[in-house]
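# Results of the structural survey
The residues making up each chain are set out below.
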Amino acid sequence: MGEPFEGHSRDAVLVVAFFKDGRRIVTASKDKTLRIWDMGKRAFMGGPFQGHSDIVTSVTVSPDDRRIASAGGDGTIIIWDVESKQMLFNPLLKHTRRVSSVCFSPDGKRLASGSWDDTVIIWDVETGAVLSTFRCNVGMVLCVAFSPDGLKLASGGSHGTIRVWRTSNTELLLKIEAHDDWVESVVWSPDGQQLVSASADKKIKFWGSSNACQIGQPCTGHTRIIYSLAISSDGSFIVTASHDKTVRLWSTKSHQQIGQALEHTTLVFCVAISSSGGLLASGDDDGNVHLWSIESTLSEAFETDYSYLAHRSKVKLGQKLYAEALSDAEKVIELNPSSDLGYELKHAALHGTHRYDDAFKALTIMLSKLDDTPDPQIRQLRYKYANLSEIEDAIRQAIHVQLENAPLRLINTSTGRLCDRDAQINAFMESTEHKELLHSLMMHAPDQTESIKEAVAKYFSWVMLSHRWERKEPLLHDIQGNNVYNLDPVGTIVKLQKFCKVAHNAGHRWAWSDTCCIDQNNNVEVQQSVNTMFVWYHYSALTIVYLSDVPPSSKSGALANSTWNTRGWTVQEFLAPKVVLFYQADWTLYLDHRSRNHKESVSIMQELENATGINAWALVDFHPGTRDAREKLRWASNRDTTREEDIAYSLFGIFDVNLPVIYGEKRQKALGRLLQEIIAHSGDITALDWVGQSSSFNSCLPAEISSYKALPCTVPSLSKYDMQKSVSTLRNNFVAVALASKLYTILENLSIPRFANARLQLPCIVFPLTEVRRRPGQDGDISFIYDVKADGLQDLLVITEDKLVQFSPARHARQTFLLVRPWNRSDLGLINFADEPQSGEDWPEPGSPGYNEPTTRELRLIVRLGQPFGGLLLAQQWGGEYKRIASDNKIIAQVADITSVDDMMNVRMLEIL
């Protein structure tokens, strides 16, 4: 026994409680005061808490150590602020007799009190309001205790009974005829499965908290009333204080006394255990408080008691003294080799020292012990732990899903080694992260799918490089089998080394560069890489853009002028990722902008939008697909690539298409196949809106991507007034109304464009040419200007490099020429529910004059068809197909008279070569 604390004027210390910080205790006494003690200094911390007019019978500390509640013989309850030692509000006065016990709920928001007036009250700690009152019918209530989850409340009384209540509705759940005399103290086991009670009948008993059944034999040994009871935080032992002048420790497993009784010189009223389980405190009738080190005081008695050794091992684990915890765990195994407990502790200690393989072996043995135990209750503990094979299957599945969107090879930024997928997986299986994950999952049986996904995603996250290729970039064979960091740091090797280091410093294990992570000699791999590269960039944790021509400390505008902005592949390399950082030539951040993502920088995005013509929304949150094809083609129209086919291949990901990669097919065929796929997949004919030279792949497609530089053909929309005025005019023309209905039906049922094998089936409204005349004086010119007339159209002008056959009504041509309006279903005016909701502000309101939805819809179509449109000039071939005659300027045509609906009725599906 250590030297006692003295300080309550030799009045009996009736209550003692530890703070959670393990450095302080609070005591209460017959002298009507409370005191806080500094255990290190063995002295009071300031003056006493004064407020009760009678003895202080109970005290409890809130879970956050900020408040104390005390109860007195005067029937009052006081809640104190620890720091100021002031009452939070006036004493709580609802009980009519002595308040014998108080305790905080686990969340610290409620306070329970038990009184000799036969009631239990639950209070709101913040307001002091009564939340509920329990009438116990036990004579006097001597003790109360919240369950660990706060959902139940146990009370003990003078008739020897224990009652368990539901705190939410005061329902009585259990009534236990527990003892032959007063129940002086009751506590819950930390898992909430048991209740432990101590009585004036000198016995300690254990009860099932769900069925009220007594568990095992009582603990016996005290010779007089047991006044106080406490349980260790791990539930391995209890401590009792008695008027027989002793404090005794008991095993909760065997219910046997541990070691010798701790002798006092007078009556002992109270006992408490520190949250760490390393200290006991007891208070006696002489006003003294005694502190006991469980380890030093009782170690000799405990050295052969495996339950205490297990407890001490847990305490050492909490203190991160893993070597000492392991030593105790080994002793537990030696004393009780058939038990799982020693192996559980051994596993925890080994895990704490990062000896993961040994820890896993200990865990495996522990689980086998649980499986083999004859005790069904202990066997139930096995279900707390997950099944290893199921965990491994789940991890493998998560890895498979993660790597589906990952590059085929990656550089390990820690080792500098290039790794294929098998090597990446092997590295993970040997990693600390994998062992930590296994441990975490094994210790938690419920579904851990999300934590597995998070751990796998974090380990396998990769960084992509976007840059301009320079001369003599390192290729696959240059780094395969080598450590990137050990290569001679010259030329572009330095760029690769710096990239890997930056990625590593950003916390990422894997990095990818297109120069050396693709086998350029493997056609299958090249094909796969080109078609999935957008996905790789999209799912990367970070894309680093290296601007080799932007010097250090550059000002805003340097990014816009970088050659990086002119390269074909860099369009998708910027649009695809979610997180991007720009680095200057010296590998410092552009503009010294230190955010985690430069896509969140308004100034950098504005600079990039101005330089590329790509909308800011697309720069930040791009979605691949064939929608808005014409606009996406314009983004690439100013770009160049080293290999001519790449001007098309670099756009595969942007349009979300998967096509064969055939280097050597030349630019026009590669671009033609891409545009064919876009039109065939989406029916979007805006890709036909270009000026320049026709492609040899199909005359309706351009020979060069640069033909999309010009803004797409757009016609100003009519105002609501002009639309309604035009519809009203047409409504009075009965012939126009009838033909409008017929034309609408024809167009509504018209097939979408079909494009396959370089042949385009294009739905059109056809206007036959009646006259073509070349303007004089152009014999030496490259381009020729023609005045053109067509049935139903206003006269128009065509500028082209092609020499057209001239003809007129008086001089017929043997070849047929057409001016066509490619049909676009959007002209029907139907709502596209895939788009944003449309306002429909120019639709007549139901019930308004002239409202007739079908007729109005059809006449609106005629009005739209009467507006200027971008037309295609076609020449019929010998086989009946057509070829487009390319123009150096957009051909803008318009019907001569919208009331002449008959001129628009020539609707055909034309085959264009």
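Residues numbered from 1 in each chain as written. Predicted model: local features only at pLDDT ≥ 70, side-chain atom pairs only at ≥ 80, totals over all residues. Heavy atoms only, no water.

## Some remarks on the packing of aromatic side chains
The cut-off we apply is this: Aromatic contacts are taken between Phe, Tyr and Trp rings whose centres are within 6.5 Å, Trp giving its six-membered ring; a plane angle under 30 degrees counts as stacked, one over 60 as edge-to-face, and the others as tilted. Only DSSP runs of H or I with at least four residues qualify as helices, and only runs of E with at least two residues qualify as strands; both kinds are numbered from the N terminus onward. For the exposure calls, accessible area comes from a 1.4 Å probe over protein chains only, and a residue counts as buried if that area is under 20% of its type's maximum, exposed if over 50%, partly exposed in between. Two conditions define a charge sitting above a ring: the NZ of Lys or the CZ of Arg must be within 6 Å of the ring centre, and it must be within 35 degrees of the ring normal.
With the rule as written, the count across this model stands at 21 aromatic pairs. Plain terms: the ring middles of Trp 564 and Phe 574 are 6.3 Å apart, the flat faces sit at 80° to each other, and that makes the pair edge-to-face. Here Phe 574 lies in helix α14 (residues 570-575) and Trp 564 lies in the loop between β34 (542-546) and α14, a separation of 10 residues in the sequence. Exposure remark for Trp 564: the relative accessible area of 3% places this residue in the buried category. For Phe 574, a relative accessible area of 3% puts it in the buried group. Taking the centre distance of 5.7 Å and the plane angle of 25° together, the rings of Phe 574 and Phe 582 count as stacked. With a relative accessible area of 0%, Phe 582 lands in the buried category. Ring-pair connections join several aromatic residues into one group, and the members of that group are Phe 428, Tyr 459, Phe 460 and Trp 510. The positively charged end of Arg 98 is found above the aromatic ring belonging to Trp 116, 4.5 Å away from the centroid. The ring of Trp 690 carries the charged tip of Arg 884 above its face, separated from the ring centre by 4.0 Å.

## Some words on helix α10 (residues 449-459)
Rules: To obtain the arc, one takes the directions from the helix axis to the C-beta atoms. Any two residues having at least one pair of non-hydrogen atoms within 4.5 Å are treated as being in contact.
Every buried residue of α10 is accounted for by Ile 452, Val 456 and Tyr 459. One side of α10 holds all its buried residues, which, seen down the axis, span an arc of 65°. More than 90 degrees from the buried face of α10, the exposed residues found are Glu 454 and Lys 458. Packed against the buried residues of α10 are α7 (388-404), α8 (421-429), α9 (432-442) and β33 (510-512).

## Quick look at empty space enclosed by the protein
Defined as follows: Cavity: a set of points on a 1 Å grid over the protein atoms alone where a 1.4 Å probe fits but cannot get out. Pocket: an open set with protein on both sides within 12 Å along at least five of seven lines, its lining residues, like those of a cavity, having an atom within 4 Å of a point. Grid points are joined across faces, edges and corners, and a volume is the space filled by probe spheres set on the points. Throughout this entry, Asp, Glu, Lys and Arg are counted as charged residues, while Ala, Val, Leu, Ile, Met, Phe, Trp, Tyr, Cys and Pro are counted as nonpolar. The remaining residues, Gly among them, count as polar.
The full count for this structure, using the stated rule, is 3 cavities of 30 Å³ or more. Roughly 50 Å³ of internal volume is contained in the largest cavity. If you go around the largest cavity, the residues you meet are Trp 564, Asn 565, Thr 570, Val 571, Phe 574, Leu 575, Leu 608, Thr 612, Ile 614, Leu 619 and Arg 639. Mapped onto the lining of the largest cavity, the elements with two or more residues apiece are α14 and α15 (602-612). Among the elements that make up the lining of the largest cavity, the one with the highest residue count is α14 (4 residues). Looking at the lining of the largest cavity residue by residue, the classes come out as 7 nonpolar, 3 polar and 1 charged.

## Overview of helix α13 (residues 523-538)
The test is simple: By this rule the span expected of a helix is its residue count minus one, scaled by 1.5 Å. To get the bend at any residue, fit one axis to the seven residues that end at it and another to the seven that begin at it, then take the angle between the two axes.
For α13, with 16 residues, the first-to-last C-alpha span of 23 Å sits near the 22 Å given by 1.5 Å per residue. Along α13, the helix axis deviates most sharply at Thr 532, where the bend reaches about 55°. For α13, the set of buried residues is Glu 525, Val 526, Ser 529, Val 530, Asn 531, Met 533, Phe 534, Trp 536 and Tyr 537.

## Examining the packing of helix α21 (residues 720-731) against helix α23 (residues 853-865)
For clarity, the threshold we go by: Lines fitted to C-alpha atoms define the axes, with helix axes restricted to the stretch in contact, and inter-axis angles between N-to-C directions lie between 0 and 180 degrees. Roughly parallel covers angles under 35 degrees, roughly antiparallel covers those over 145, roughly perpendicular covers 65 to 115, and oblique covers all other angles.
Two elements in contact, α21 and α23, have axes separated by 9 Å at closest approach and are oriented at 110°. In terms of their interaxial angle, α21 and α23 are classed as roughly perpendicular. Each of Met 723, Ser 726, Val 727, Leu 730 and Arg 731 in α21 lies in contact with α23, whose residues at this interface are Thr 855, Thr 856, Leu 859, Arg 860, Ile 862, Val 863 and Arg 864. Across the contact of α21 with α23, the residue classes break down as 6 nonpolar, 3 polar and 3 charged.

## Notes on the environment of Val 26
Along the chain, Val 26 falls in strand β3 (residues 24-29). A residue is classified by how much of its surface remains accessible, and Val 26, at 0% relative accessible area, is buried. Sequence separation between Val 26 and Gly 613 is 587 residues; the distance between their C-alpha atoms is 72 Å. If near-sequence neighbours (up to four positions away) are discounted, Val 26 is found in contact with Val 15, Val 16, Ala 17, Phe 19, Leu 34, Arg 35, Ile 36, Val 59, Val 61 and Ile 68.

## Description of the sheet that holds strand β16 (residues 152-157)
So the rule is basically this: One bridge is not enough; two strands pair if DSSP finds at least two bridges between them.
Strand order in the open sheet formed by 4 strands is β15-β16-β17-β18, with antiparallel pairing between adjacent strands. In the strand order of this sheet, the two ends are held by β15 (141-146) and β18 (172-177), each with one partner. Averaged over all adjacent pairs, the angle separating strand axes in this sheet is 15°, with direction ignored. Direction of pairing for strand β17 (residues 161-166) relative to β18: antiparallel, over a ladder of 5 bridges. Among the inter-strand pairings, Ile 162 is bridged to a residue of β18, identified as Ile 176.

## Section: the side chain of Arg 163
Cut-off, in case you're wondering: The charge count includes Lys and Arg as positive and Asp and Glu as negative, but it does not include His or the ends of the chains. Salt bridge criterion: a side-chain nitrogen from Lys or Arg within 4 Å of a carboxyl oxygen from Asp or Glu. Pairs of N or O atoms within 3.5 Å make up the polar contacts considered here, provided that, within protein, one atom can donate a hydrogen while the other can accept it, and that residues adjacent in sequence are counted only when both atoms are side-chain atoms.
In this fold, Arg 163 is placed in strand β17. One buried charge, Arg 163, has no salt-bridge partner; the nearest side chain with opposite charge is Glu 177, at 6.1 Å. A distance of 3.3 Å separates the side chain of Arg 163 from the side chain of Thr 161, its partner in a polar contact. Setting aside anything within four residues of it in sequence, one finds Arg 163 in contact with Cys 136, Asn 137, Val 138, Leu 153, Ala 154, Ser 155, Leu 172, Leu 174 and Lys 175.

## So, the side chain of Arg 567
Locating Arg 567 in the fold gives a position in the loop between β34 and α14. Despite its burial, Arg 567 remains without a salt bridge, the nearest opposite charge being carried by Asp 640 at 5.0 Å. Excluding residues within four positions of it along the chain, Arg 567 makes contact with Arg 468, Arg 639, Asp 640, Thr 641 and Thr 642.

## Considerations on the environment of Gln 319
One can find Gln 319 in the loop between α2 (306-318) and α3 (322-335). Gln 319 sits 43 residues away from Ser 276 along the chain, and the two C-alpha atoms are 8.3 Å apart.

## Quick notes on the pattern of salt bridges
Summed over the entire model, instances satisfying the criterion amount to 31 salt bridges. Arg 66 is the partner of Asp 64 in a salt bridge, and the nearest nitrogen-oxygen pair spans 3.7 Å. By relative accessible area, Asp 64 is classed as partly exposed at 43%. A salt bridge links Arg 166 to Glu 171; the nearest nitrogen and oxygen atoms lie 3.1 Å apart. With a relative accessible area of 32%, Arg 166 lands in the partly exposed category. Judged by its relative accessible area of 37%, Glu 171 is partly exposed. Among the ionic contacts, a cluster of salt bridges with common partners joins Asp 21, Arg 23 and Arg 24.

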